[in-house]
Amino acid sequence: MLFPTITFAIFFMVVLPISWLLMPRPARWKIFILAASYFFYGYWNSTFVLLIVASTLWNWTLGGAIWRSQSDTIRRTWLAIAVTGNLAVLGYFKYYNFFLSSATNLLNRTGLDVSPTIVAITLPVGISFFTFQALSYVIDVYRRETEPVRLMEFAVYLSFFPQLVAGPIVRASEFLPQLREHHDPRRIDATRAFFLIFLGLFKKVVIANFLATEIVDPVFGSPDQYSALENAVAVYGFAVQIYADFSGYTDIAIGIALLLGFRFPQNFDAPYTSTSIQDFWRRWHMTLSRWLRDYLYVPLGGNRNGATATYRNLMLTMVLGGLWHGAAWTFVVWGAIHGGFLSFEHWRRQNRLVRGAPEPSDTLWARTRRRIITFNIVCFAWVFFRADSFQNAFDVLSRIVGGWGEPSPLVTRSVLAAIAIGLGAQYIPKDAMGRAMALFSRFSPVAQGVTLGFGLLLIDSLGPRGIAPFIYFQF
Amino acid sequence: MTSPTRTPPPPANPRTRRRLSPAGNVLLTLFVALGIGWLLNAPGILKTAEGLPLGWRRDVALGFSKPVAKVSSILQLDRPREVIQRLTDRGGEDDVTVALPSPTTLPPGEPTTTTTTNPNQEPRFTPETPLRVWVGGDSLSITPGESLLPRLDGTGAATAVGPVDGHVSSGLARPEIFNWSQHLDEVVATHDPDALVLTIGSNDDQPLTNAPDGTVGGVGSDAWKEEYRRRVGGLMDSVATDGRVLFWAGIPIVRDTDRYFRGYEHINQIVFEEAAKRPGRVYYVETYTPLSDNGGYVDYLPDPSGAPVQIRTGDGIHFTRAGANIVADTIMEIVNEAIDLESWRDPPKQQPTSER
């Protein structure tokens, strides 16, 4: 079920009142919300509900076993089994054909003619997200940072429908305590929720879909057919598209959870205002960055074992983070570009410390220069993220270098306006948004509804026909 | 859920402090928003309902959407949407046009010829007067179309009139979802292409709605084939006029061979026969053979160097870039047989001088 559909609107209008009515009876509420979440997921493919059920049972059972064991060796063994099981399922559904075709290509290059049959594997929506949440639970239990919970609570945590298919990646320690809180039905932060939902819809339906259909898809489809300007604008367009698409989705998810009385962590914080790649990863897909830091980078040694080990750990974390996004070598390169620049920034920082050089200046001009450089590095990496092959990526880049002066009919005022809105919105002061929300919260419920109704008019009439799937669904 | 309330603390700045709402008010706001939103967007929602797969969900959706659209129209609440769409050059997008033309030139019957090459002299194009080509169709047109554009460009005597005009989930079976006849009329009126490369059919193995006698079910039945033939022939005749040439790419073998032989084979046969009735105007591009191995479905085929490359995506229907290149090459072969895009490269012939 996709958020920007009538089907979801009907589903939510049924779930919301029942959820609040059942809140005072936690046991019944949990059964209800679990059933609603399974229905939400099963609406797309009912078979894969069994996968979530299996993942729930597997991780809950092993989490309990880890907690109960007193021997470190046994605890480590249970943890290894739990992690291996999760990665095996993820590997089969997401990476089987990728590794098969990579191995085939390698064998063919060595002169062996191999043509295996590609297995028709349907990728379960959101598998990367709920697998990472399950992993965080068993690892936190192993670290004694989270106590095991009852099966029903864990099932609700893993399948809670607002974040089930594309995050944000909520930790057990953030969600499970909320299950035990009293949720007051008279005090819902509805204004913030409505703003998040409607701005999320606008970002997804109007900005992301418009840029995809008007410039990004055609240019990345056949870059040779388009001018340097069109290729360059398509790259910037994709940067805005993926931000609007993914942050739009998580805004909606956070807003829906808020209406149900749950708080999710922030996932984006104006990422294109970043002044360095490190800053970018503190603002982009923050819940994934945090996950990679705590469950991969730090266990690898982080920056504790000298410069070389730090660079290796950064590269490894980012390359695996790239591969998490998609089963293709282009994603590995995307991760490697980010890992490379993170390592470079780390080296420069260390070098400055060793030399006793002063901190870089923090004037407006210096910040602007750093923002422009960072944004362009991020956009350069996006080329590999979006391209369907290295050839495709190189075609886009080579056209940008050498196709200037040709007519550029795809670079319309509307396309430039959409990019400008997508980038400019990140510079809106938080205070201005806060004041708008405060004003809206003083409207009567009917006036709020009428305002939002006109918001729906704008979103639906400005957006292209049909709802393209969210980009991050495939991850 | 017994511990004390932990509502997020209100922001310190009084100007940004929000009022919290009771659940009843939230529901009321949502009902009003969705109700007003539905009335204001009624024509678009009705069109979405029309496009749902045939069945009870569509019936229910139409049962609600039609009266709301009527109320919206009476109260003129659909006007703001119309104005916004007109201002953004998308006027008429909510209109549902289901009329499909019938063949005009030939009565239905057996093909008069089975050749797909132009029996007449090939039209000649040059860099100064290039062949202007439109490329589009359903989702199967998109990657092959992207591969075809540089190939056309590479001839030096052909140019695309725009990006690949792909419309996913479209075809001739459900004109209420996307009316190809109407769309191609607009393409011809706007771009006046010399040639069109069209790929549709892979979504048409389903009942045909909006036929003269209602919906025609039974994919592959005589009645279904007759109606589908009428749609194919009608589309060909409406497009391939005034010297304009249509290249119609057939459906390749798919991993679900049952699906192919239950529906796609009939569709390919009808398109092939109807193209053959219009020699010199419509060319059928057969894609089954170049993408199969001895008639069977394969994921890999040898590339020019002999090494196997993956040609189909995981769904067993769509193409990888390598597969799309094979389709594009196959289309180019037929285009080059039909239209002269090469002779402009030949050096001009010396006029024989007569000796007295």
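Helix and strand counts for chain A stand at 18 helices and 0 strands. Based on the C-alpha atoms only, the size of chain A along its principal axes is roughly 65 × 60 × 60 Å. For chain A, the residues scored as buried account for 57% of the 475 residues in total. Looking at chain A alone, contacts between residues at least 24 apart form 76% of all its contacts between residues at least 6 apart. In the form shown here, chain A has an accessible surface area of approximately 19900 Å², with 65% of it arising from carbon and sulfur atoms. Across chain A, 40 positive and 27 negative side-chain charges occur, with their mean positions spaced 7 Å apart.

What follows concerns a nonpolar patch on the surface. Side chains of A:Ile6, A:Ile10, A:Val14 and A:Ile18 sit close together on the surface and give an oily, nonpolar patch of about 330 Å² of accessible area. Relative to the helices and strands, A:Ile6 resides in helix α1 (residues 6-22).

Here the focus is the interface of chain B and chain A. Listed by partner, the interface residues are 59 residues for chain B and 70 residues for chain A. Together chain B and chain A conceal approximately 5600 Å² of surface at their shared face, both sides included; 61% is due to carbon and sulfur atoms. Between A:Asp189 and B:Arg18 there is a salt bridge, with its nearest N and O atoms 2.8 Å apart. Top contributing element to the side of chain B that touches chain A by residue count: helix α1 (residues 23-40) of chain B, with 14 residues.

Moving on: helix α8 (residues 257-276) of chain B. Where α8(B) bends most, the angle comes to about 45°, and this point is B:Tyr264. Among the residues of α8(B), those classed as buried are B:Tyr260, B:Gly263, B:Tyr264, B:Ile267, B:Asn268, B:Ile270, B:Val271, B:Glu273, B:Glu274, B:Ala275 and B:Ala276.

Those residues of helix α4 (residues 79-87) of chain B lying buried are B:Arg81, B:Ile84 and B:Gln85. All buried residues of α4(B) project into a common sector of 95° when viewed along the axis, lining one side. Contacts made by the buried residues of α4(B) are with α18 (445-462) of chain A together with α1 and α2 (42-50) of chain B. Directly after α4(B), the chain includes B:Asp89, whose backbone phi takes a positive value near 60°.

With that settled, consider the nonpolar core. All names here are of chain A. Core analysis: the biggest nonpolar cluster contains 148 residues, and Phe-161, Ile-215, Leu-259, Tyr-272 and Trp-382 have the highest contact counts within it. It is helix α9 (residues 228-259) that provides the largest number of residues to this core, a total of 18 residues. The residues touching Ile-215, leaving out its near neighbours within four places in the chain, are Glu-230, Val-233, Ala-234, Leu-410, Val-411 and Val-415.

This next bit is on the environment of A:Phe99. With respect to the helices and strands, A:Phe99 occurs in helix α4 (residues 72-109). A:Phe99 sits 225 residues away from A:Trp324 along the chain, and the two C-alpha atoms are 14 Å apart.

Residue and element names in this part refer to chain A. Closest axis-to-axis distance for the helix α8 (residues 190-221)/α9 pair is 6 Å, and the angle between their directions is 155°. Viewed along their axes, α8 and α9 adopt a mutual orientation that is roughly antiparallel. Here α8 runs over α9; the crossing is left-handed. Partitioned by chemical class, the residues of the contact of α8 with α9 number 26 nonpolar, 7 polar and 6 charged.

On to the pairing of strand β8 (residues 282-285) of chain B. Residue and element names in this part refer to chain B. Of the two faces of β8, the one carrying Val-282 and Tyr-284 and the one carrying Tyr-283 and Val-285 are both buried. In this sheet, β8 lies alongside strand β7 (residues 245-249) in parallel orientation, the contact comprising 4 bridges. From the neighbouring strand, Leu-246 faces β8, where its bridge partner is Val-282.

Take the confidence of the model for chain B next. If pLDDT is low for a region, its predicted coordinates should not be looked at in detail. All names here are of chain B. Averaged over chain B, the pLDDT score is 84; the fraction of residues at 70 or greater is 88%. Scored below 50 in pLDDT, residues 1-6 shows 17 contacts in the model against residues more than four places distant or in partner chains. Considering only residues more than four positions removed or in separate chains, one finds that residues 107-119, a stretch of pLDDT under 50, has 24 contacts. With pTM at 0.81, the complex prediction returns an ipTM value of 0.78.

Turning to the pairing of β7(B), a few remarks are in order. For a regular strand, side-chain orientation follows a simple rule: the groups alternate between the two sheet faces. All names here are of chain B. Counted residue by residue, β7 has 5 buried out of 5 residues, so it is predominantly covered. Neither face of β7 is open: one carries Val-245, Phe-247 and Ala-249, the other Leu-246 and Trp-248, and all of them are buried. Pairing between strand β4 (residues 195-199) and β7: 4 bridges, direction parallel. When the bridges of β7 are listed, Val-197 appears paired with Phe-247. In this view, the connection linking β7 to its parallel neighbour β8 by way of α8 has right-handed handedness.

Turning our eyes to something else, we now look at the side chain of B:Arg230. Take B:Arg230: it is sitting in helix α7 (residues 222-239). Once you skip the residues sitting within four places of it in the chain, B:Arg230 turns out to touch B:Leu100, B:Pro101, B:Ser102, B:Pro103 and B:Pro212.

We now examine the packing of α9(A) against helix α16 (residues 413-424) of chain A. Residues and elements named next belong to chain A. At their nearest, the axes of α9 and α16 sit 9 Å apart, and the two run at 45° to each other. Considering their axes alone, α9 and α16 lie oblique with respect to each other. In this structure, α9 crosses over α16, and the sense of that crossing is left-handed. Contact with α9, carried on its side by Val-233, Tyr-236, Gly-237, Val-240 and Tyr-243, involves Val-415, Leu-416, Ala-418, Ile-419, Gly-422 and Leu-423 of α16 and no other residues of that element. Class assignment of the residues belonging to the contact of α9 with α16 gives a composition of 9 nonpolar, 2 polar and no charged.

What follows concerns the pattern of salt bridges. Where charged atoms from two side chains of opposite charge come close, those side chains can pair. If you walk through the whole model with that rule in mind, you get 37 salt bridges over all chains. Across the pair A:Asp245 and A:Lys204 runs a salt bridge whose closest N-O atoms are separated by 2.8 Å. On the criterion of sequence distance, the pair formed by A:Asp245 in helix α9 and A:Lys204 in helix α8 is long-range, its members being 41 residues apart. Here A:Asp245 matches A:Lys204 in class, with each residue buried. Across the salt bridge formed by B:Asp329 and B:Arg151, the nearest N and O atoms sit 2.6 Å from each other. Linking B:Asp329 in helix α9 (residues 321-338) with B:Arg151 in helix α5 (residues 142-154), this pair joins segments that are 178 residues apart in sequence. For B:Asp329, a relative accessible area of 38% puts it in the partly exposed group. What emerges from the salt-bridge pattern is a single network uniting B:Arg229, B:Asp237, B:Glu273, B:Glu274, B:Lys277, B:Arg278 and B:Arg281.

Cut-off values and rules
Residues numbered from 1 in each chain as written. Chains lettered and ligands numbered in written order. Predicted model: local features only at pLDDT ≥ 70, side-chain atom pairs only at ≥ 80, totals over all residues. Heavy atoms only, no water. Helix = DSSP H or I, 4+ residues; strand = E, 2+ residues; numbered from the N terminus. Buried < 20%, exposed > 50% of the residue type's maximum accessible area, 1.4 Å probe, protein only. Contact = heavy atoms within 4.5 Å. Areas by Shrake-Rupley, 256 points an atom, 1.4 Å probe, with all protein chains shown as cover. Lys, Arg positive; Asp, Glu negative; His and termini not counted. Charge placed at Lys NZ, Arg CZ, Asp CG, Glu CD. Patch = residues over 30% accessible without salt bridge, like charges linked within 9 Å, V, L, I, M, F, W, Y side chains within 5 Å. Salt bridge = Lys/Arg side-chain N within 4 Å of Asp/Glu carboxyl O. Buried area = accessible area lost by both parts, 1.4 Å probe. Bend = angle between axes of the 7 residues up to and from the residue. Arc of directions from axis to C-beta. Core = buried A, V, L, I, M, F, W, Y, C linked by side-chain atoms within 4.5 Å. Axes fitted to C-alpha atoms, helices over the stretch in contact; angles between N-to-C directions. Parallel < 35°, antiparallel > 145°, perpendicular 65-115°, else oblique. Left-handed = near helix turned anticlockwise from the far one by under 90°. Nonpolar A, V, L, I, M, F, W, Y, C, P; charged D, E, K, R; others polar. Pairing = 2+ DSSP bridges. pLDDT = per-residue confidence, 0-100. Right-handed = clockwise from strand over helix to strand, strands pointing away.

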